[in-house]
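# What the coordinates show
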Amino acid sequence: MDIVVVGAGSLGSLVGGLLAREHDVTLVGREPHVGTVAESGLSVVGTEQFRVHPNAQTTVPVSADLAVVTVKAYDTAAVATDLADCTLDACLSLQNGMGNEAQLAATLDCPVLAGTCSYGANLREPGTVAFTGRGEIVLGDRNGGRSAVADDVGAAFRAAGIETTVATDMPTRLWEKLAVNAGINAVTALARVENGALVDSLADTIAADAARETAAVARKQGIALSDERAVSLVERVVRETAANHSSMLQDVSAGQQTEIDAINGYVVGTATEPVPVNETLTRLVRTWERHREG
Ligand code: KPL
């Protein structure tokens, strides 16, 4: 399969590197990373070590069978515009936050699949990505239900040795992931702690409250997500990723824009009842972002 991975950051580089063992892959990202990959290949180190030689460039190609989008949520609209000029059979979003698939589908003329990914990755230096933990990719129709396109994409990922499940309940899974990110990301970024710092008495924490509010908003949208399940998912991820810095903590540490609008901000924007914890977290992170800008 001819696959373009748009967003050659940590996750995009790892997924692109894994896919390149079996498929023709083009990584689209920023310099100096893509230049180094184009010249010397991509080194994957850590959990598995190998080197692959995907195409690597700063612009999207004119066509591909599949586009895998791994950019930050705030770049989705720009990527959708870029991909509109690329002839595609399918597109898969592997991004944090809600609303990415809808933005891509509004612009692209191909089926857009939703996905979640729990593989761990860290871009070490240009041309080198650390594979920090084997996880799973779950993908499927963004509105739920069976999808032949999702089956084909799932088969292509599995052929590359990627642990992949094709699911028929992606809307529920996206809300579950949103509850986890709403609970962990802003709290760890503001407190500047690793995920594991939230593990003690989790049920009484701001993280749990943010996840419960997210579950309540999900239920209003017709998604069966109980408060208990939302909190237990946060607890599980906090334990499994105890040593990790959340993506929002990494953004804040690097002085970069965060995905707050697509995570806690999305909960606030979708809620029809008060969601004070998500609102406070959103306002605090936006305050930090404004300060950073200026
Ligand atoms: O997805 C994540 C993120 O950091 O964005 C979690 C699951 C919280 C792991 O760090």
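Scroll up to find the structure.
What comes next concerns the included structure. Model, not experiment: these values are computed from the prediction.

## Quick word on the sheet that holds strand β11 (residues 137–141)
Whether parallel or antiparallel, the strands of a sheet pair through hydrogen bonds between backbone atoms. With respect to topology, 8 strands assemble into an open sheet ordered β5-β2-β1-β6-β7-β8-β11-β12, the strand pairing being mixed. A strand with exactly one partner marks an edge of an open sheet, and here the two such strands are β5 (55–57) and β12 (164–166). With strand direction ignored, the average angle separating the axes of adjacent strands in the sheet is 25 degrees. Judged from the 5 bridges that link them, strand β8 (residues 112–117) and β11 form a sheet pairing that is antiparallel. Counterpart to Cys117 in the pairing with β11 is Ile137. On top of the sheet, helix α1 (residues 10–19) reaches β1 (2–6), β2 (24–28), β6 (63–69) and β8; it is set at about 165 degrees to β2, its chief contact.

## Re the site of the ligand
Around the ligand, the neighbouring residues are Asn96, Val180, Asn181, Ile184, Asn185, Asn195, Val237, Thr241, Asn244, Ser246 and Ser247. For the shell around the ligand, the element with the highest residue contribution is helix α6 (residues 170–191), accounting for 4 residues. Looking at the shell around the ligand residue by residue, the class counts come to 3 nonpolar, 8 polar and no charged.

## Quick look at the environment of Glu101
Here Glu101 shows up in helix α4 (residues 100–107). Expressed as a C-alpha distance, the spacing of Glu101 and Ser63, which sit 38 residues apart in the sequence, is 20 Å. Those residues in contact with Glu101, other than ones at most four positions away along the chain, are Ser93, Val112, Ala114 and Arg142.

Definitions and limits used
Residues numbered from 1 in each chain as written. Predicted model: local features only at pLDDT ≥ 70, side-chain atom pairs only at ≥ 80, totals over all residues. Pairing = 2+ DSSP bridges. Helix = DSSP H or I, 4+ residues; strand = E, 2+ residues; numbered from the N terminus. Axes fitted to C-alpha atoms, helices over the stretch in contact; angles between N-to-C directions. Contact = placed C-beta atoms within 7 Å. Near = placed C-beta within 6 Å. Nonpolar A, V, L, I, M, F, W, Y, C, P; charged D, E, K, R; others polar.

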